[in-house]
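The chain contents come next:
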Amino acid sequence: MRFSIIIPAYNAEDFLPRCLDSIFSQEFTDYEVIVIDDGSTDGTAALLGSYPQLKVIHQENQGMATARNRGLDAAQGDYILFVDSDDELMPQALSSLAPHLNGEDIIGFGTRILNEQTGATDDFHLSNHDTKQYSGWEYFNRHRLEATPVHFVCIWQRAYKRNFLEDNSLRFADGLRRAEDDLFTTMAFLHAQRVKTIADCLYIYHVRPGSITRSSDPKLDADSWSVQQTLADTFIPMTGIDKTVIYRVLASNYINHISVKGNTLTHPEWHQFQTVCVTPRHRRLYSIARTSRALLRLYLFIANLIHR
């Protein structure tokens, strides 16, 4: 089997049919679809029962990370595709992707961004597309900090070789409801030996008001902080790799965390924060933060005004 398509679904009855229809209308048929019903309280479970071609897993509500892990445990395809229940695959997505697969650990592709409020679309083609294959860490260092309309860590913009994930025990951190992509993607690129991209837009990302990535919640913020600490604990002691980019990512995350007014999360590990500050700007912000969080917020506010 060529593809396993994993879809976590929580209270998704309003948009899941659109997602599934985009998959089952594909001309390429060598795939399986695994939907994990994450404890839905609406009509999602009944809806899934009307699709006999699905492999359905029901679980108590545990979040997207755990749901995706259940899907990975059940998957049998050569390559894994993750699709969110409110998104779609482009027509011909699978038939366009299949000929490009030649044993790569990870292969990336473009995304069509659809604003549900306005109906506007924007095609994001990977500007870094070429025929060269990279190691995962080389690719991460080249492209992680690029400003793009689709965040680098979004897992649904890539296909992953299942044996690669299994061999490196790559799974999502159970229980996380935010930033699970950040941790998974970073570790996947750390281990990947062969990475390639194609220019085609294969995925339709629906931007909806109130989605989990665009909402603020103390518990979700705590998940983001947990991921930050896991990455810091993993990479700071590591030797033998270029850590410039991951340190810049971690430094920015520390600054974002401690500059939030009223943040009641665990205080930052100041030694770790200092260690990852490898640029003059980050070292300056670290010094300001150690003096006063309020002063840091004021400094960042003025800096944003100046650069508008």
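Residues numbered from 1 in each chain as written. Predicted model: local features only at pLDDT ≥ 70, side-chain atom pairs only at ≥ 80, totals over all residues. Heavy atoms only, no water.

How do you make sense of the overall build of the protein chain when you look at a structure like this?
For the protein chain, the count of helices and strands is twelve helices and nine strands. Against the 2.2 N^0.38 benchmark of 19 Å for 308 residues, the protein chain shows a C-alpha radius of gyration of 20 Å, consistent with a compact globule. In terms of overall dimensions, the protein chain has C-alpha extents of about 60 × 45 × 35 Å along its principal axes. In the protein chain, which comprises 308 residues, the proportion classed as buried is 50%. Sequence separation of 24 or more characterises 74% of the internal contacts of the protein chain that already satisfy a separation of 6 or more. When the accessible area of the protein chain is evaluated, it comes to approximately 14300 Å², of which 49% is carbon and sulfur surface. Treating the 30 positive side-chain charges of the protein chain as one cloud and the 37 negative ones as another, the clouds have centres 10 Å apart. (Helix = DSSP H or I, 4+ residues; strand = E, 2+ residues; numbered from the N terminus. Rg over C-alpha atoms; globule rule 2.2 N^0.38 Å. Buried < 20%, exposed > 50% of the residue type's maximum accessible area, 1.4 Å probe, protein only. Contact = heavy atoms within 4.5 Å. Areas by Shrake-Rupley, 256 points an atom, 1.4 Å probe, with all protein chains shown as cover. Lys, Arg positive; Asp, Glu negative; His and termini not counted. Charge placed at Lys NZ, Arg CZ, Asp CG, Glu CD.)

I would appreciate a short explanation of the state of the cysteines in the present structure.
Here is the idea: a disulfide is a covalent bond, and it sits between the sulfur atoms of two cysteines. Scanning the model with the defined rule gives zero disulfides in all. Between Cys154, a cysteine without a disulfide, and Cys201, which holds the nearest cysteine sulfur, the sulfur-to-sulfur distance is 14 Å. Given a relative accessible area of 16%, Cys154 falls into the buried group. Looking at Cys201, the relative accessible area reads 10%, which means it is buried. (Disulfide = S-S within 2.5 Å.)

What should I look at first to understand the environment of Gln193 in this one?
Inspection of the secondary structure puts Gln193 in the loop between α7 (180-191) and β9 (195-207). Linking Gln193 and Glu104, residues 89 residues apart in sequence, is a C-alpha distance of 8.0 Å. What Gln193 contacts, discounting residues up to four positions off in sequence, is Asp105, Tyr134, Ser135 and Gly136. At 3.4 Å, the side chain of Gln193 forms a polar contact with the backbone oxygen of His191. (Polar contact = N/O pair within 3.5 Å; in protein donor to acceptor, adjacent residues only side chain to side chain.)

Looking at this structure, I do not really get the nonpolar core. What am I missing?
Within soluble globular proteins, side chains that are nonpolar generally end up buried alongside one another. Membership of the largest hydrophobic core comes to 55 residues, with the highest contact counts inside it found for Phe82, Ile106, Tyr160, Leu165, Ile246 and Phe273. For this core, the element with the most residues is helix α9 (residues 244-258), which contributes nine residues. Contacts of Ile246, omitting those with residues within four sequence positions, involve Trp137, Phe140, Thr186 and Phe235. Core analysis: the second largest hydrophobic core is formed by 40 residues, Leu81, Val83, Ile107 and Trp156 among them. (Core = buried A, V, L, I, M, F, W, Y, C linked by side-chain atoms within 4.5 Å.)

Even after reading the chapter, I still don't get the side chain of Gln59, so can you show me in this structure?
Position of Gln59 relative to the elements: it lies in strand β3 (residues 55-59). For Gln59, a relative accessible area of 8% translates into the label buried. Not counting the four nearest positions on each side in its chain, Gln59 is found in contact with Ile36, Asp37, Asp38, Gly39, Thr66, Ala67 and Arg70.

Any chance you could explain a nonpolar patch on the surface here in plain terms?
Together, Leu295, Leu298, Phe301, Ile302, Leu305 and Ile306 make up an exposed nonpolar region whose accessible area comes to about 570 Å². For Leu305, the location among the structural elements is in helix α12 (residues 293-306). Here Leu305 falls in the partly exposed class, since its relative accessible area comes to 41%. (Patch = residues over 30% accessible without salt bridge, like charges linked within 9 Å, V, L, I, M, F, W, Y side chains within 5 Å. Salt bridge = Lys/Arg side-chain N within 4 Å of Asp/Glu carboxyl O.)

So what exactly am I meant to see when it comes to the pattern of salt bridges here?
Any two side chains of opposite charge can pair, on the condition that their charged atoms come close. Going through the model one piece at a time under the given rule, you end up with ten salt bridges. When the shortest N-O distance is used, the salt bridge between Asp181 and Arg68 registers 2.7 Å. Taken together, the residues Asp181 in helix α7 and Arg68 in helix α3 (residues 64-74) connect sequence positions 113 residues apart. We note that Asp181, like Arg68, is buried. Notably, a salt bridge pairs Glu104 with Lys196, separated by 3.2 Å at the nearest N-O pair. With Glu104 in the loop between α4 (93-97) and β6 (106-115) and Lys196 in strand β9, this residue pair connects regions lying 92 residues apart in the sequence.

Just checking my understanding: could you explain helix α5 (residues 136-143) for this structure?
Residues lying three or four places apart along an α-helix face the same way, a consequence of the helix completing one turn every 3.6 residues. Turning to α5, its buried residues are Gly136, Trp137, Tyr139, Phe140 and His143. Seen from one end, α5 has its buried residues packed into an arc of 160 degrees, which puts them on one side. (Arc of directions from axis to C-beta.)

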